[in-house]
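# Remarks on the overall topology
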Amino acid sequence: MQFTGTTAPPPVGDAVEQRLRATVRGDVHTDDVRRGVYATDASLYQQVPTVVVVPVDQDDAVAAIKFAHEHKLAITPRGGATSLSGQTFGKGMVLDVSKSLNRVLEVNAAERWARVEPGVVRDELNAKLKADRLHFAPDPATGNRATIGGMVGNNTCGTRSIVYGKTIDHVLEVKVALADGTVCDFAPCDDAEWDRRAAGQGVSASEAAVYAGVKRLIEKHRSAILERFPKVMRRVSGYNLDEFVDGAGYTGSIGPRAAFNAGRRTWNLASLIVGSEGTLATILEAKIRLTPLPTATAVCVVHFTDLIESLRHVDTMLEFGPSTVELLDRDVISEARVNPATAHMTTFLTDDPEAVQIVEFFGDTPQDAEGKAKAFANAMRDSGIGFAWPVFADAKGQSNIWSTRKLGLGLISNVKGSTKGRDFIEDACVPTDKLAQYVSDIRDLCAAHGIRRVSIYAHASVGVCHIVPALDLHHEDEVAKMATIADQAFAWVMQYGGSWSGEHGDGQLRGRLLPKMFGDEVYGAFRELKRIFDPTGIMNPGKVIDAPAMDEDLRYQQPGYSKALTQLKPVYHHRNQGGFALAVEQCNGVGACRKTGSGTMCPSYMATRDEEASVRGRANALRLAMSGQYGPDPMDALASDGVHDVLSLCLSCKACKSECPNEVDMAKLKADAMQARHDRKGVTLNARVVGGLPAMAKRMAGPLAPLVNAMNAAPGVPWLREKLTGFDRRRPIPGFASKSLHALLRQRNLPSAHTTAAPRGRVVLFNDTYANSMEPEVGLAAVELLEGCGFHVTLANAGCCQRTRISKGLLRDAKRDGLGTLTKLAGYAKLGMPILCLEPSCASALVDDLPDLMDDDDIEIGKLVAANTFMIDRFLVDRGVELAPAEGIDEVLLHGHCHQKAMFGTDAIKKAYADMGDGSGAASVNCEEVDSGCCGMAGSFGYEHHDLSEKIGEDRLFPAVREATQQGKTVVACGISCRHQLHDFLHVSAKHWVQTVRPVAPAPAAPTDK
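Quick look at the structure, then. Worth saying up front: this structure is predicted, and the values here are computed from it rather than measured. (Residues numbered from 1 in each chain as written. Predicted model: local features only at pLDDT ≥ 70, side-chain atom pairs only at ≥ 80, totals over all residues. Heavy atoms only, no water.)

### Considering empty space enclosed by the protein
Enumeration over the complete set of coordinates arrives at ten cavities of 30 Å³ or more. When contributions to the lining of the largest cavity are tallied by element, the ones reaching two or more residues are strand 3 (75-78), helix 5 (148-154), strand 10 (282-289), helix 15 (395-406), helix 16 (408-413) and strand 17 (454-459). No other element matches helix 5, which puts five residues into the lining of the largest cavity. Among the residues forming the lining of the largest cavity, the class breakdown is 18 nonpolar, 22 polar and six charged. (1 Å grid on protein atoms, 1.4 Å probe; cavity = no way out; pocket = protein on both sides within 12 Å on 5 of 7 lines; lining within 4 Å. Points joined across faces, edges and corners; volume = space filled by probe spheres on them. Helix = DSSP H or I, 4+ residues; strand = E, 2+ residues; numbered from the N terminus. Nonpolar A, V, L, I, M, F, W, Y, C, P; charged D, E, K, R; others polar.)

This is the structure in structure tokens:
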């Protein structure tokens, strides 16, 4: 495979690659697919690197930098790559520090500082600091994946900057590598110490040149710096030369650094590294200030019928001393109310506001914080500001508010079609008293250009509202419109005395306008500073200084992009997002899939920390393949070995469908790519075996089962199976049942259906392969539960849901036979009979996958089945069926199957247990759900990736299950894969939910229609 039709550089030559691999111990990626994975961040741009290096430690990173310097390769340091301005990609060597340079080296709680490597994730650090009631205060919305190195590089601010300032207010020292690999420690020093270092005493020649050069530069341009730097706190454009000129830039008292430096003449080159976006040096360590956590917080959400009106009152709100004022507009609010990632969180909203302002208060006690919020709410009400003022002092209520706010960018871009919110004027900062006028100007400007949707949200308290017009950047006229709007917006920002960047930085997006913002002399000083630190110009070139035009290197303007999309022939229709191409492009690169330690998305990334294992990495690979950048035939590119390798560690867990704010469904996208691979390269034995499991199980269950099970475990068979199919020999193969569900039901002696009442009506139980042939005891428990609750049960006998085929990309086979399954089930649905599922992956296939595989002629059948298919727990709870615990069930640890959590939720199970009273008013079953992520099995994945499967399970699930079993709790897992995973690694026998409950007043059993 080779990049075609693009300006991508070739990879390094074989000889140079061999030298590089011999030089560094970390991963070196020169293949086209992985280079493409690193070609973008969360911005609008794409630049394919020559090589990607993932160093294992600081020495390895320095070795890579020295190699790049020797071979004149540009160097782009990269952390979480959540940049919206295009800072974290480049055409030379991308140096990914996020995987291994992620150690917290030292924490001094008494002196309130920590020393960390650049790959440490902000929220992970703060989790470790929580016991000491400390935190690293800058709080970007991407804090659960933003690295400290990236925050330092961007001079990140965040939500509460009116209290905490910017990242520069929290950086004490940095250890960096210069362009030639020289390692320097930049820390505060007085004039005498500065001069000593500039003279080369105790430092290297390269470091001495930096000290001497910076001093000359400051003295030369002092007056221009004093005059031209914007007098707003949220200025992160250009380099921080104002830190070395008293009276330049912002002179307020916001942030702890102002007090720290009061009356002390000290200078710190670390201040220049902050906000330099990797263009001056590469960060190896940072010593950062820690700040006490607020003792208590409370939030008032002020609702408005008019957005501009909400902005006119920001200064009034600030008079009450809040920690932040954050805006959400109608676009964010409307999407939040329907998006699976946020819909359950939006209880803080009242009626139908045009905008809300989230106003938070700190307090010495919970009562103090709540009192401030209520006093503020009353003042707003009395002044006629807003129409609703709910106050939230509880942790859950506030968490819902802030979780919704943090997903703002993803929410506004999660719209169907190619016209989406684009970030190109989103980061301007204007004085708060000019904010309403500026936003009104921008809205009028966009309307004049025919833009019908302009989303606005974020930091009203500091004049940084993220304004995001909706454009289709596949079209050149829309690109031109973007540049025109940006130029006018910039002119207004300058007119109002603001900054072109308030927190996202310059990168490629805004660098072109810095000469106009700072004037020729200061911009010349910036260029001179760049040469002082980086004489050869290899540190992240084209960012901040000498940036190309904002309309160059756009990801959707690569040569031949749109033409290649017309050649796509997927099997899924991807109706929810307008087709395969738009489904891939739903990924905007903001990297929510790179979070760790919570939720399910993305299991393989959490375990490996590899970019290509994230949803974003896979989406990037698919985007380049489908757009002709990996070859002229996009279907051939989707079938390629490189794309297959990147997709291979996707567990098809569907967590991205609900946890990604853009609802990227990588499971479907992967299945389409796998079908393309089968078409080009043939179907593997592995795929045939997994896809054929339902038919095999039907034949093997019953009298043959003992013999087949024994053969599967016989000496030598696991080794042979591994060689033939790739199923790891260490994994026991699930056994087949010696009595099928049908056989167990025939054994029962029940009265005639004509003489037994079914007061609750008739239901259909989807008797899946597992309940029929592998764990019929679960199917029997479900039948008896439903009968005991007063339902007449009919087994569906509709065939397979096609999940096994779908998981292996056998989509045409699944589509063909799935139509028969849906047709049979539709017959029941037309009779008004609900279709109940035991296995979450079967339910998701019936509700989501099979309907989207159907062509338009058959889509109504799919819709009918989807609308009448339910998980059994949800069905019983929603109908108010009174349940009791089965014998011995009192303490439960619940693990939700990935598809269950993504599409149906586990709330019904928890409610069922909570409603089981013991007569005293207390619940008789205590159910705790573990935030377990994926178990690591995921169908056949765990059989093919044994060690990674175990590592995924060990993330959170296995430790919780070990503790629960030691305490005598019952482990409940509705997915057969999950139950087998727990059995294989922990020897724990988990139960399906239906095995743990019973009817309160069992009805006479009616015979099940088999």
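That covers the picture; the talk isn't over yet.
### A closer look at the sheet that holds strand 25 (residues 926-929)
Within the open sheet, the three strands sit side by side as 25-24-26. Their pairing is parallel. If you trace the sheet from one side to the other, it starts and ends with strand 25 and strand 26 (970-973), each paired once. Along the sheet, successive strands turn relative to each other by an average axial angle of 30°, direction set aside. With four bridges connecting them, strand 24 (residues 891-895) and strand 26 associate as parallel partners. Across the sheet, residue His895 finds its bridge partner in strand 26, namely Ala973. (Pairing = 2+ DSSP bridges. Axes fitted to C-alpha atoms, helices over the stretch in contact; angles between N-to-C directions.)

### Remarks on the sheet that holds strand 1 (residues 27-29)
Pairing between the strands of a sheet is mediated by backbone hydrogen bonds and can be parallel or antiparallel. An order of 1-2-4-3 is seen for the four strands of this open sheet, with the pairing classed as mixed. A single partner strand is all that each edge strand has here, and the edge strands are strand 1 and strand 3. Shown here is a sheet whose adjacent strand axes are inclined to one another by a mean of 20°, direction ignored. Both strand 2 (residues 51-54) and strand 4 (residues 93-96) contribute to a ladder of three bridges, which runs parallel. The residue bridging Val51 from the neighbouring strand is Met93, located in strand 4.

### Details of the side chain of Gln398
By the secondary structure assignment, Gln398 is in helix 15. Sequence-distant contacts of Gln398, that is, excluding residues within four places in its chain, are made with Thr297, Ala298, Val299, Phe392 and Ala393. (Contact = heavy atoms within 4.5 Å.)

### What about the pattern of salt bridges?
Under the definition given, this model contains 75 salt bridges. Between Asp641 and Arg677 there is a salt bridge, with the nearest N and O atoms lying 3.0 Å from each other. Pair noted here: Asp641 is in helix 26 (residues 641-647) and Arg677 is in helix 28 (residues 666-681), with a separation of 36 residues, a long-range link. A salt bridge links Asp817 to Arg816; its shortest N-O distance comes to 3.0 Å. Assessed through its relative accessible area of 31%, Asp817 is described here as partly exposed. Each of Arg575, Lys654, Lys657, Asp665, Lys668, Arg803, Asp848, Asp849, Asp852 and Asp856 takes part in salt bridges that share partners, so that together they form one network. (Salt bridge = Lys/Arg side-chain N within 4 Å of Asp/Glu carboxyl O. Buried < 20%, exposed > 50% of the residue type's maximum accessible area, 1.4 Å probe, protein only.)

### Topic: the packing of aromatic side chains
Summed over the entire model, instances satisfying the criterion amount to 18 aromatic pairs. Ring geometry for Trp194 and Tyr211: centres 5.0 Å apart, planes at 80°, overall edge-to-face. Of this pair, Trp194 sits in helix 7 (residues 191-198) while Tyr211 is found in helix 8 (residues 205-228), placing the two residues 17 residues apart along the sequence. Accessibility expressed as a relative area gives 0% for Tyr211, which makes it buried. Between Phe791 and Phe875 the ring centres are 5.4 Å apart and the planes differ by 55°, which places this aromatic pair in the tilted class. In this pair, Phe791 sits in the loop between helix 35 (776-788) and strand 20 (792-795) while Phe875 sits in helix 40 (residues 872-878), placing the two residues 84 residues apart along the sequence. Of the two residues, Phe791 and Phe875, both sit in the buried class. One aromatic cluster in this structure is built from Phe186, Trp194, Tyr211, Phe244, Trp267 and Phe533. (Phe/Tyr/Trp six-rings, centres within 6.5 Å; stacked < 30°, edge-to-face > 60°.)

### As for the packing of helix 45 (residues 957-966) against helix 46 (residues 976-986)
Packed helices, taken two at a time, are described by their axes: the angle between them and the distance between them. Between helix 45 and helix 46, the shortest axis-to-axis distance is 11 Å and the interhelical angle comes to 75°. Between helix 45 and helix 46, the angle falls in the class roughly perpendicular. Listed contacts from helix 46 to Leu957, Phe958, Val961 and Arg962 of helix 45 are Gln981, Leu982, Phe985 and Leu986. Each residue belonging to the contact of helix 45 with helix 46 can be placed in one class, and the counts come to six nonpolar, one polar and one charged. (Parallel < 35°, antiparallel > 145°, perpendicular 65-115°, else oblique.)

### Focus: helix 39 (residues 859-867)
For helix 39, the set of buried residues is Ile859, Gly862 and Val865. Buried positions in helix 39, seen along its axis, are confined to an arc of 125° and lie on one side of it. Of the exposed residues in helix 39, those oriented more than 90 degrees away from the buried face are Glu860 and Ala867. Where helix 39 is buried, its residues meet helix 37 (811-830), strand 21 (835-837), helix 38 (840-853) and strand 22 (869-871). (Arc of directions from axis to C-beta.)

### Some remarks on the state of the cysteines
Enumeration according to the criterion identifies zero disulfides in this entry. Distance from the sulfur of Cys465, which forms no disulfide, to the nearest cysteine sulfur (Cys429) is 9.9 Å. Overall, the relative accessible area of 3% leaves Cys465 in the buried class. Among the cysteines around Cys789, which has no disulfide bond, Cys974 carries the closest sulfur, lying 15 Å off. (Disulfide = S-S within 2.5 Å.)

Functional significance is not addressed by these values, which are geometric in nature.
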